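Geometric and topological summary
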Amino acid sequence: MRPRREADRISGGRGRGVDFSVVGPTRTCVGCRKRAPASSLIRFVAAACGDSFLLKADPSRRLPGRGAHLHPDPACFALAERRRAFGRALRLAGVPDTGSLAEHIRAVSVAARND
Ligand SMILES: [Zn+2]
């Protein structure tokens, strides 16, 4: 009888904690360190570029590899850069090239403001 009880406990829908169908997954912004719904953050990954790394925004969230998240806000980008949070979040050796990601953040934050 015990195995059955175990199964009941696992599948029994007495939900405790977060209702993921409403909230969805949350991620931590590497800039301000606040948690936010993954859909409101920009995912980015590091692409190897010669001896260093290039940070690349991943709007479709489909690029392979370790990703990190950031608010589409230049303030969060600046915070993350100052604290060298990019390399740490992505486990990179050295300081990555953030130019392309900076450009993306600037573009989406401007677009959001004109909305
Ligand atoms: Zn942030």
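A quick note: this is a predicted structure, and the numbers were derived from the prediction, not measured.

**Focus: the nonpolar core**
Val30, Phe44, Leu55, Leu70, Phe77, Phe86 and Leu101 are the most contacted members of the largest nonpolar core, which totals 20 residues. Listing elements by their share of this core, those giving two or more residues are β3 (42-49), β4 (52-57), β5 (67-70), α3 (74-82), α4 (85-89) and α5 (99-113). Ignoring any residue separated from it by four or fewer positions in sequence, one finds Leu70 in contact with Cys29, Val30, Gly31, Leu41, Ile42, Phe44, Cys76, Phe77, Ala80, Phe86 and Ile105.

**Brief notes about the coordination of the zinc ion**
On the protein side, the zinc ion has Cys29 (SG), Cys32 (SG), His71 (ND1) and Cys76 (SG) as donor atoms, found 2.0 to 2.4 Å from it. Coordination at the zinc ion is tetrahedral, judged from the four donor atoms that bind it and the angles of 103 to 115 degrees they form at the metal. All donors to the zinc ion come from one chain, and their sequence spacing reads C-x2-C-x38-H-x4-C. Across the pair, Cys76 and His71 agree in class, each one buried.

**What to know about the environment of Glu81**
One can find Glu81 in helix α3. For Glu81 and Ala102, which are 21 residues apart along the polypeptide, the C-alpha to C-alpha distance reads 9.9 Å. Excluding residues within four positions of it along the chain, Glu81 makes contact with Phe86 and Thr98.

**Description of the side chain of Asp58**
One can find Asp58 in the loop between β4 and β5. Take Asp58: its relative accessible area is 2%, and that puts it in the buried class. Looking at Asp58, its side chain comes within polar contact range of the main-chain nitrogen of Leu63, at 3.1 Å. Discounting chain neighbours no more than four positions away, the residues touching Asp58 are Arg43, Phe44 and Leu63.

Calculation criteria
- In this convention, every chain numbers its residues from 1, walking through the sequence in written order.
- Note on the predicted model: pLDDT of at least 70 is required for a residue's local features to be given, and 80 or more for side-chain atom pairs to be given and counted; whole-chain, interface and lining totals, by contrast, use all residues.
- Calculated side-chain values reflect all of the structure's heavy atoms, with hydrogen atoms and water omitted.
- For the purposes of this section, nonpolar cores are sets of buried Ala, Val, Leu, Ile, Met, Phe, Trp, Tyr and Cys residues that join through side-chain atoms within 4.5 Å.
- Each residue is assigned to one of three classes by its accessible area relative to the maximum for its type, calculated with a 1.4 Å probe on protein chains only: buried under 20%, partly exposed between the two thresholds, exposed over 50%.
- Comment: elements are numbered from the N terminus, with helices defined as DSSP H or I runs of at least four residues and strands as E runs of at least two.
- The contact rule is simple, with two residues in contact once any of their heavy atoms fall within 4.5 Å.
- A donor here means any N, O or S atom no more than 2.8 Å from the metal (3.2 Å for Na, K and Ca); water is not included, so a site may seem to lack partners.
- A site with four donors is called tetrahedral when every donor-metal-donor angle falls between 85 and 135 degrees; four donors are called square planar, and six octahedral, when opposite donors sit more than 155 degrees apart and all other angles fall between 65 and 115; any other arrangement is irregular.
- In the analysis that follows, any N or O atom pair within 3.5 Å is treated as a polar contact, provided that within protein one partner can donate a hydrogen and the other can accept it, and provided that, for residues neighboring in sequence, both atoms belong to side chains.

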